[in-house]
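Take a look at the letters that make up each chain.
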Amino acid sequence: MDEAAIADIFAAFRPVRCRRMFGGYGLYAEGVMFGVFVGERIYLKADAEFARTLEGEGAEAFTYERSGKRVALGFWSLPEAALDDAEAAAELAGRALRVALAAAASKPPERRRSSRSPRPR
């Protein structure tokens, strides 16, 4: 799947920007990553409640192996039915975006480093 196909799936949602990462894409809207495309599957960012909803629709958690252990990142696959239903994909993407925006808002602001050199004493 390429960027155009991903954009088509989310056409009823809003413009989605794709950025290359780890052999796939990060999916962005409103400046935050709400999903990823990895291994020919789209995964959406989910909190516990949204994860239960997605699991009930047949979605699977995105996991990978690191140091012999399975690691989950809080992303769940887009249910198969939503791949062919623009309205369903838009609704699920909207929920994922709300989760991503809430997560971004809960992070402390990054400290900006001064470009000035410290003054000698």
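Residues numbered from 1 in each chain as written. Predicted model: local features only at pLDDT ≥ 70, side-chain atom pairs only at ≥ 80, totals over all residues. Heavy atoms only, no water.

Visitor: What should I look at first to understand the environment of Tyr43 in this one?
Guide: By secondary structure assignment, the location of Tyr43 is in strand β4 (residues 41-45). Beyond its immediate sequence surroundings of up to four residues, Tyr43 is in contact with Phe34, Gly35, Val36, Val38, Glu60, Ala61, Phe62, Phe75, Trp76, Ser77 and Leu78. (Helix = DSSP H or I, 4+ residues; strand = E, 2+ residues; numbered from the N terminus. Contact = heavy atoms within 4.5 Å.)

Visitor: Is there a simple way to explain the pattern of salt bridges in this structure?
Guide: A side chain with one charge can pair with a side chain of the opposite charge if their charged atoms come near. Tallying each qualifying case throughout the model produces two salt bridges. For Arg14, the salt bridge goes to Glu30, with nearest N and O atoms at 2.1 Å. On the criterion of sequence distance, the pair formed by Arg14 in the loop between α1 (3-9) and β1 (17-21) and Glu30 in the loop between β2 (24-29) and β3 (32-38) is long-range, its members being 16 residues apart. Of the charged contacts, one joins Arg41 and Glu60 as a salt bridge, the two residues approaching to 3.0 Å between their closest N and O atoms. Note that Arg41 is positioned in strand β4 and Glu60 in the loop between α2 (48-56) and β5 (61-66), a separation of 19 residues in sequence. Arg41 gets classed as partly exposed once you look at its relative accessible area, which sits at 27%. With relative accessibility at 45%, the residue Glu60 sits in the partly exposed group. (Salt bridge = Lys/Arg side-chain N within 4 Å of Asp/Glu carboxyl O. Buried < 20%, exposed > 50% of the residue type's maximum accessible area, 1.4 Å probe, protein only.)

Visitor: What's the story with the packing of aromatic side chains in this structure? I'm lost.
Guide: With the rule as written, the count across this model stands at six aromatic pairs. A connected cluster of aromatic rings, assembled from ring pairs, spans Phe10, Phe13 and Phe34. The positively charged end of Arg14 is found above the aromatic ring belonging to Phe13, 4.7 Å away from the centroid. Here the guanidinium or amino end of Arg17 rests over the ring plane of Tyr28, the centre of that ring lying 5.1 Å away. (Phe/Tyr/Trp six-rings, centres within 6.5 Å; stacked < 30°, edge-to-face > 60°. Lys NZ or Arg CZ within 6 Å of the ring centre and 35° of its normal.)

Visitor: What's the story with the layout of surface pockets in this structure? I'm lost.
Guide: One water molecule sets the probe size; rolling that probe over the atoms shows where empty space is left. There is about 160 Å³ of room inside the largest pocket. With three residues, the top contributor of residues to the lining of the largest pocket is helix α4 (residues 86-106). In terms of residue class, the lining of the largest pocket is made up of six nonpolar, one polar and two charged. (1 Å grid on protein atoms, 1.4 Å probe; cavity = no way out; pocket = protein on both sides within 12 Å on 5 of 7 lines; lining within 4 Å. Points joined across faces, edges and corners; volume = space filled by probe spheres on them. Nonpolar A, V, L, I, M, F, W, Y, C, P; charged D, E, K, R; others polar.)

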